[in-house]
Amino acid sequence: MSDDECNGSCDCCAHFKEHPRDEAMIRSLENRLNRMIGQLGGIKKMIDENRYCGDILVQVSAVESALQNFGYVVLENHMQTCVADKIKRGDESIIGETMGLIKKLK
């Protein structure tokens, strides 16, 4: 399906921000991702070392929390940029999309 056919209404098409993220936001998101990747590597190492289940679960919880917070940062940026821009242009369909995204975050 081409982007013209999709019109941004499905998960099968790539979507791109109209306004690029600034360098500080990109750096912040990448730093958060790198920390989570490091935490996941630590969990893998704990499993390889046959570490205590409780210790592993504490680390799993930390990664889940970090990922949840990462999602909130992306959502906040989405609302400040994409959502605000579309509402200013009179396109209120973004509200339904954003509600769906919020529900996916939990």
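### Description of the pattern of salt bridges
Enumeration over the complete set of coordinates arrives at four salt bridges. For K44, the salt bridge identified is with D48, shortest N-O distance 3.1 Å. With a gap of four residues between them, K44 and D48 both fall in helix α2 (residues 23-48), about one helical turn apart. A relative accessible area of 52% means that K44 is categorised as exposed. Put simply, K45 and E49 hold a salt bridge, and the shortest N to O gap is 3.9 Å. Counted as one network, the salt bridges with shared partners bring together K45, E49 and R51.

### Quick look at the environment of V58
With respect to the helices and strands, V58 occurs in helix α3 (residues 53-88). In this structure, the C-alpha to C-alpha distance between V58 and I43, residues 15 residues apart in sequence, is 9.7 Å.

### A short note on the packing of α2 against α3
Axis separation between α2 and α3 bottoms out at 10 Å; the angle between their running directions is 165°. Considering their axes alone, α2 and α3 lie roughly antiparallel with respect to each other. By crossing handedness, the relation of α2 to α3 is classed as left-handed. Taken together, the residues of the contact of α2 with α3 break down into 17 nonpolar, four polar and two charged.

### Section: the side chain of N77
Here N77 lies in helix α3. By relative accessible area, N77 is classed as buried at 12%. Once you skip the residues sitting within four places of it in the chain, N77 turns out to touch K17, R21, M25 and C82.

The rules behind the values
- Residues numbered from 1 in each chain as written.
- Predicted model: local features only at pLDDT ≥ 70, side-chain atom pairs only at ≥ 80, totals over all residues.
- Heavy atoms only, no water.
- Salt bridge = Lys/Arg side-chain N within 4 Å of Asp/Glu carboxyl O.
- Helix = DSSP H or I, 4+ residues; strand = E, 2+ residues; numbered from the N terminus.
- Buried < 20%, exposed > 50% of the residue type's maximum accessible area, 1.4 Å probe, protein only.
- Axes fitted to C-alpha atoms, helices over the stretch in contact; angles between N-to-C directions.
- Parallel < 35°, antiparallel > 145°, perpendicular 65-115°, else oblique.
- Left-handed = near helix turned anticlockwise from the far one by under 90°.
- Nonpolar A, V, L, I, M, F, W, Y, C, P; charged D, E, K, R; others polar.
- Contact = heavy atoms within 4.5 Å.

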